[in-house]
Amino acid sequence: MEQLRIGMIGYKFMGKAHSNAYRSLPMFFPKAVKPQMSVICGRNEEAVTEAAAQLGWSESVTDWKELIGRDDIDLVDINAPSNAHKEIALAAAAAGKHIFCEKPLALNLEDSREMLEAAEEAGIAHMIGFNYRFSPAVRLAKRLIESGRLGTIYHFRAWFLQDWILDPEFPLVWRLQKEIAGSGSHGDLGAHLIDLAHFLVGDVQEVIGMSETFVKERPLATEMTGLSAKAGKDAPRGPVTVDDATLFLARFANGALGSFEATRFAAGHRSTNSFEINGSLGSVKFDFERMNELEVYLTSDDEDVQGFRRVLATDPSHDYAEAWWPPGHTIGFEHTFIHEMLELSNAIAEGRQPEPNFKDGVKCQAVLEAVERSIEQRRWVPISEM
């Protein structure tokens, strides 16, 4: 395969990130299968036509079923709102198209399992968008864990803090409506933390949690783009039907303990996605706002120089870094999507499943729903119960 012909459904926040990744991939990873940005789809004809011209797509359509039915599409990229994921993915699988789907995979565990089953029966490649796995510093943390340099892992603590809806007059965007988003900070932010935990530490065995919706009603939005929105003066208000913040504790199958916090009400935190892992021989700390850095502590250091050191993960020895700039010249948020698309195109070319795939999406959804059940029933919930 010399080219991967792509049809993308969605063109806003994630649509821009994916488009940039497809355009950049052949420049920096020339051996990868070249993406062909064939068709972009959106409901608003004028807006999607403008997006096609801006983002570099050859054609635009307003009917995703038309896109999936085309013979000149190999891969369907789904970054529409969460409530549309299942229907589109099932149709794409039935048509034999490879699928890239943004997280969360679906609104609930049952639907996500149905999507995985359909993809497996179709024999297609399927990938879910957990882009933070693809930061070189996160890959370094995984390498340190897998090599045994951190010893036995005891603790995983993670937090994803934002403040973009702190203002109670911020409009009621779709991410605050359960029927569209599935959940709030838990499924939007917490899902990334859960996937990082699975990637770095292992399977979660049981959970117990709590959540809160601090602002119960908001003005109805008249415009929405990405994480911004507008509402008219004296606009009618509607109920917020998702969580504003969710915290939970976890026990991993390997005996490690975990704590997770996701909130959109942490004033001063634009997007603080962080974790710390403690092992018997050392620790690592990561903060995506300083995504090129990993803080590393090793007990094997001499006592007089022990302490966390800042490792800049930009050398050729770090995953993906050799394709970019000289050491010390950092990369950003958009590069994680380019690395995602590299994994996807390589997997398709090699006839294997990319990682993470729909199995990881199902695994993440099981933890999300176990936490929700725990909150509702005020008890520890084993993942095996889901």
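Residues numbered from 1 in each chain as written. Predicted model: local features only at pLDDT ≥ 70, side-chain atom pairs only at ≥ 80, totals over all residues. Heavy atoms only, no water.

**Quick notes on the pattern of salt bridges**
Reasoning step 1: Throughout the structure, instances matching the rule amount to 27 salt bridges.
Reasoning step 2: Among the salt bridges present, the one from Arg133 reaches Asp360, with a minimum N-O distance of 3.3 Å. Residue Arg133 is found in the loop between strand E6 (126–129) and helix H6 (136–146), and its partner Asp360 is found in helix H10 (residues 358–377); the two are separated by 227 residues along the sequence. Each member of the pair Arg133 and Asp360 is classed as buried. (Salt bridge = Lys/Arg side-chain N within 4 Å of Asp/Glu carboxyl O. Helix = DSSP H or I, 4+ residues; strand = E, 2+ residues; numbered from the N terminus. Buried < 20%, exposed > 50% of the residue type's maximum accessible area, 1.4 Å probe, protein only.)

**Section: the side chain of Glu276**
Reasoning step 1: Mapped onto the fold, Glu276 is located in strand E15 (residues 272–279).
Reasoning step 2: According to the relative accessible area criterion, Glu276 is buried, its value standing at 16%.
Reasoning step 3: A polar contact is formed between the side chain of Glu276 and the side chain of Asn278, at a distance of 3.0 Å.
Reasoning step 4: Aside from chain neighbours lying at most four places away, what touches Glu276 is His155, Phe156, Arg157, Trp159, Val284, Lys285 and Phe308. (Polar contact = N/O pair within 3.5 Å; in protein donor to acceptor, adjacent residues only side chain to side chain. Contact = heavy atoms within 4.5 Å.)

**Notes on the pairing of strand E4 (residues 75–78)**
Reasoning step 1: Along E4, one buried face is formed by Leu75 and Asp77 and the opposite face, lined by Val76 and Ile78, is buried too.
Reasoning step 2: Both strand E1 (residues 3–9) and E4 contribute to a ladder of four bridges, which runs parallel. Note on E4: the bridge partner recorded for Met8 is Asp77.
Reasoning step 3: Here four bridges tie E4 to strand E5 (residues 98–102), and the two strands are oriented parallel to one another. (Pairing = 2+ DSSP bridges.)

**Overview of the layout of surface pockets**
Reasoning step 1: Here the second largest pocket is characterised by a volume of approximately 240 Å³.
Reasoning step 2: Lining the second largest pocket are Tyr11, Lys12, Lys16, Asn44, Ala47, Glu50, Ala51, Gln54, Leu55 and Thr225.
Reasoning step 3: If you tally residues by element for the lining of the second largest pocket, the top one is helix H2 (residues 45–55), at five residues.
Reasoning step 4: Of the residues belonging to the lining of the second largest pocket, the class tally is four nonpolar, three polar and three charged. (1 Å grid on protein atoms, 1.4 Å probe; cavity = no way out; pocket = protein on both sides within 12 Å on 5 of 7 lines; lining within 4 Å. Points joined across faces, edges and corners; volume = space filled by probe spheres on them. Nonpolar A, V, L, I, M, F, W, Y, C, P; charged D, E, K, R; others polar.)

**Points about the pairing of strand E8 (residues 204–212)**
Reasoning step 1: Across eight bridges, E8 lies against strand E13 (residues 245–252) in antiparallel orientation. Across the sheet, Glu206 pairs through a bridge with Arg251, a residue of E13.
Reasoning step 2: In this structure, E8 lies alongside strand E19 (residues 381–382), joined through two bridges in antiparallel fashion. When the bridges of E19 are listed, Glu206 appears paired with Pro382.

**A closer look at the sheet that holds strand E14 (residues 257–263)**
Reasoning step 1: Here nine strands make up an open sheet; going across it, the order is E18-E17-E16-E15-E7-E14-E13-E8-E19 and the pairing mixed. Both outer strands of the open sheet, strand E18 (309–312) and E19, are each paired with one neighbouring strand and no more.
Reasoning step 2: Of the strands in this sheet, E8, E13 and E19 touch H10, which is tilted by about 55° from E8. (Axes fitted to C-alpha atoms, helices over the stretch in contact; angles between N-to-C directions.)

**A short note on the sheet that holds strand E3 (residues 59–61)**
Reasoning step 1: Strand order in this open sheet of six strands is E3-E2-E1-E4-E5-E6, and the pairing throughout is parallel. Of all strands in the sheet, those bounded by a partner on one side alone are E3 and E6. Taken over all neighbouring pairs, the strand axes of this sheet differ in orientation by 25° on average, direction set aside.
Reasoning step 2: Seen against the sheet, helix H1 (residues 13–28) touches E1, strand E2 (34–41), E4 and E5 and runs at an angle of roughly 155° to E2.

**Remarks on the nonpolar core**
Reasoning step 1: If you look at the biggest cluster of nonpolar residues, it comprises 111 residues, and the most contacted ones within it are Phe156, Leu200 and Phe275.
Reasoning step 2: Judged by nonpolar contacts, the second largest core, of ten residues, contains Ile165, Phe170, Val173 and Leu176. (Core = buried A, V, L, I, M, F, W, Y, C linked by side-chain atoms within 4.5 Å.)

**Some details on the packing of H6 against helix H8 (residues 185–200)**
Reasoning step 1: Contact pair H6 / H8: the axes reach a minimum separation of 10 Å and the direction vectors enclose 35°. Here Val138, Arg139, Ala141, Lys142 and Ile145 of H6 come into contact with H8, specifically with Leu196, Phe199 and Leu200.

**Description of the packing of aromatic side chains**
Reasoning step 1: Taken as a whole and assessed by the stated rule, the structure comprises 20 aromatic pairs.
Reasoning step 2: Seen from their ring centres, Tyr132 and Phe288 are 4.7 Å apart, and the 85° between their planes marks the pair as edge-to-face. Of this pair, Tyr132 sits in the loop between E6 and H6 while Phe288 sits in the loop between strand E16 (282–287) and strand E17 (293–298), and the two are 156 residues apart along the sequence. In terms of burial, Tyr132 and Phe288 fall into one category: buried.
Reasoning step 3: Residues Phe156 and Phe252 carry aromatic rings whose centres are separated by 6.2 Å and whose planes lie at 80° to one another, so their mutual orientation is edge-to-face. Of this pair, Phe156 sits in strand E7 (residues 153–161) while Phe252 sits in strand E13, placing them 96 residues apart in sequence. The pair formed by Phe156 and Phe252 is uniform in burial state, with each residue classed as buried.
Reasoning step 4: Linked through ring pairs, Phe13, Tyr132, Phe156, Phe160, Phe248, Phe252, Phe260, Phe275, Phe286, Phe288, Phe333 and Phe337 together constitute an aromatic cluster. (Phe/Tyr/Trp six-rings, centres within 6.5 Å; stacked < 30°, edge-to-face > 60°.)

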